[in-house]
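As a plain string of letters, each chain reads:
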Amino acid sequence: MLPDLDFYLVAVPAVLLVGLSKGGMGEALSLMGVPILSLAVSPVQAAALLLPILIAMDIVSLWIWRKHGDRKTLTMLLPGALAGIAIGWATSAYVPRDALRLIIGAITVVFVLRYVYTVWRSRSGAAILPKQHRLGPAALWGGFAGYGSFVAHAGGPPFQIYALPLKLDPREYTGTIVRFFATLNAVKLIPYFALGQLDTSNLMTSATLFPLAMVATACGAWIVRRMKPQVFYPFMYTMAFIAGSRLVWEGLTSLLSGG
C-alpha cells in the first residue's frame, strides 16, 4: 500500500532538494533530504527510501555529465571509499552515528574557514594554487567519504575536503563527484539489502518519486553548467560550510538529548 498525501507533502520537497544536489549543486541540499523525510517516517526508513531514489538520480547524472570527470581523482579516492563502506557494514550495529556526524561536520567547517582565510590572504597578492594529488590524504578522506556515506549519508563533505582544493574545472569536478557517489550508492545496495533496510514496500514507494527525482536532477545540472568558476567555487564552499554546520547541529542535538 502506498503512503498517504501527508507523506508526499514531505517527500516531494525532500526529493527536489536531493535532486538539485545530484545535479551538481552541492551536498548541503542533499543532507536535508533525510531530515525532511524523517518528518513523515523514521530516519532509518527515510534513508532506505532515499537510496533507490539516489540511484535513479545517479543514472540521470551519469548521462548528463558523461563527457566530464577526472579519472585521477576517482582513482585516488575510490579504494579508500570502498574500504570505508566495508568498515561501515561490519560495524553497523556499533557505529556512533551522531558522533560521526559531529566529527565530519566540525572538520568540514574548519576546512571552509581555512579556505576563507586563504582567500583573505590572497587579496594581499598571494596566489591560491591548486593542490596536488597525495595518496595519504586521498585514502583518509576517501575512507571517511565511504564510511560516512554508509552510516550517516554524510559522504559529501569528506569528498569536498579532498577535491575542492584541486581546483578542477567546474564541469570536471561535477562529473567526478557524480561518478564517485554513483559508484558508492551502487555498492551500498548489497549491505543495505543484507541488513534488511530495503523491502518491497519501500521500493514501491521510492519508485513513485522517480520521475520527480529525475526532473530535479536535470534542473540542478542545467544550473551548474551555466556557472563560471568564479561563481562555482565560492558557491561550493558555501554549500560545504552549510553541510558541515548541519552535521554539527544534528550530531550535537542528538548527543545532548541522548537520542
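Since the structure is predicted, the reported quantities are computational estimates derived from the model, not experimental observations. (Residues numbered from 1 in each chain as written. Predicted model: local features only at pLDDT ≥ 70, side-chain atom pairs only at ≥ 80, totals over all residues. Heavy atoms only, no water.)

Tallied over the entire structure, the rule returns two salt bridges. When the shortest N-O distance is used, the salt bridge between lysine 22 and aspartate 58 registers 2.8 Å. With lysine 22 in helix α1 (residues 5–25) and aspartate 58 in helix α4 (residues 43–64), this residue pair connects regions lying 36 residues apart in the sequence. Of the two residues, lysine 22 and aspartate 58, neither departs from the other in class, the shared state being buried. (Salt bridge = Lys/Arg side-chain N within 4 Å of Asp/Glu carboxyl O. Helix = DSSP H or I, 4+ residues; strand = E, 2+ residues; numbered from the N terminus. Buried < 20%, exposed > 50% of the residue type's maximum accessible area, 1.4 Å probe, protein only.)

As a further point, take the packing of aromatic side chains. Taken as a whole and judged by the stated rule, the model has ten aromatic pairs. Here the aromatic rings of tryptophan 141 and phenylalanine 144 are separated by 5.7 Å at their centres, their planes lie at 35 degrees, and the arrangement is tilted. Note that tryptophan 141 and phenylalanine 144 are positioned in helix α7 (residues 135–152) at a spacing of three residues, about one turn of the helix. The class for tryptophan 141 is buried, based on a relative accessible area of 16%. Residue class for phenylalanine 144 comes out partly exposed when judged on its relative accessible area of 25%. Centroid distance tyrosine 173 to tyrosine 233: 6.4 Å. Interplanar angle 65 degrees. Geometry classified as edge-to-face. Here tyrosine 173, found in helix α9 (residues 170–194), pairs with tyrosine 233, found in helix α12 (residues 229–257); they are 60 residues apart in sequence, far enough to count as distant. As far as the burial class goes, tyrosine 173 and tyrosine 233 line up, both buried. An aromatic cluster is built from Phe159, Tyr173, Phe180, Phe181, Phe232 and Tyr233, whose rings are joined through pairwise contacts. Sitting over the ring of tryptophan 65, arginine 225 keeps its end group 4.6 Å from the ring centre. (Phe/Tyr/Trp six-rings, centres within 6.5 Å; stacked < 30°, edge-to-face > 60°. Lys NZ or Arg CZ within 6 Å of the ring centre and 35° of its normal.)

Burial analysis of helix α8 (residues 156–163) places eight of its eight residues in the buried class, the great majority of the element. For α8, the set of buried residues is Gly156, Pro157, Pro158, Phe159, Gln160, Ile161, Tyr162 and Ala163.

Core analysis: the largest hydrophobic core is formed by 49 residues, its most contacted members being Phe159, Tyr173 and Phe180. Elements supplying a minimum of two residues to this core: α4, α5 (71–90), α6 (97–122), α7, α8, α9, α11 (210–225) and α12. With residues up to four places along the chain from it excluded, the contact list for phenylalanine 159 reads Leu77, Ala145, Tyr173, Thr176, Ile177, Phe180 and Phe181. Residues Phe7, Ala46, Leu54 and Ala213 belong to the second largest nonpolar core, which totals 19 residues. (Core = buried A, V, L, I, M, F, W, Y, C linked by side-chain atoms within 4.5 Å. Contact = heavy atoms within 4.5 Å.)

Looking at where cysteine 219 falls in the secondary structure, it is placed in helix α11. On the basis of relative accessibility, which here comes to 39%, the residue cysteine 219 falls in the partly exposed class. Residues cysteine 219 and glycine 23 lie 196 residues apart in sequence; the distance between their C-alpha atoms is 6.9 Å.

This part takes up the UniProt feature "transmembrane region" (unreviewed entry) in the protein. The sites that UniProt annotates as "transmembrane region" (unreviewed entry) are residues 7–25, 45–65, 77–94, 100–117, 138–156, 207–225 and 231–249. With 100% helix and 0% strand, residues 7–25 has its two end C-alpha atoms placed 25 Å apart. As annotated, residues 231–249 comprises 100% helix and 0% strand, and the C-alpha atoms at either end are separated by 27 Å. (UniProt positions renumbered as here; feature names shortened; annotations may be inferred.)

This brings us to the environment of leucine 51. By the element assignment, leucine 51 lies in helix α4. Accessibility expressed as a relative area gives 0% for leucine 51, which makes it buried. As a C-alpha pair, leucine 51 and tyrosine 192 span 141 residues in sequence and 9.0 Å in three-dimensional space. Discounting chain neighbours no more than four positions away, the residues touching leucine 51 are Asn185, Lys188, Leu189, Tyr192 and Leu198.

An ideal rise of 1.5 Å per residue puts 42 Å on 29 residues; α12 measures up with 42 Å between its terminal C-alpha atoms. Within the sequence span of α12, burial applies to Phe232, Tyr233, Met236, Tyr237, Met239, Ala240, Ala243, Gly244, Leu247, Glu250, Gly251 and Ser254. (Expected span 1.5 Å × (residues − 1).)

Relative to each other, α1 and α9 sit at 125 degrees, their axes nearing to 9 Å. As summarised for this structure, α1 and α9 are arranged oblique, according to the angle between their axes. Residues Lys22, Gly23 and Gly24 of α1 lie in contact with α9, whose contacting residues are Thr174, Val178, Phe181 and Asn185. In terms of residue class, the contact of α1 with α9 is made up of two nonpolar, four polar and one charged. (Axes fitted to C-alpha atoms, helices over the stretch in contact; angles between N-to-C directions. Parallel < 35°, antiparallel > 145°, perpendicular 65-115°, else oblique. Nonpolar A, V, L, I, M, F, W, Y, C, P; charged D, E, K, R; others polar.)

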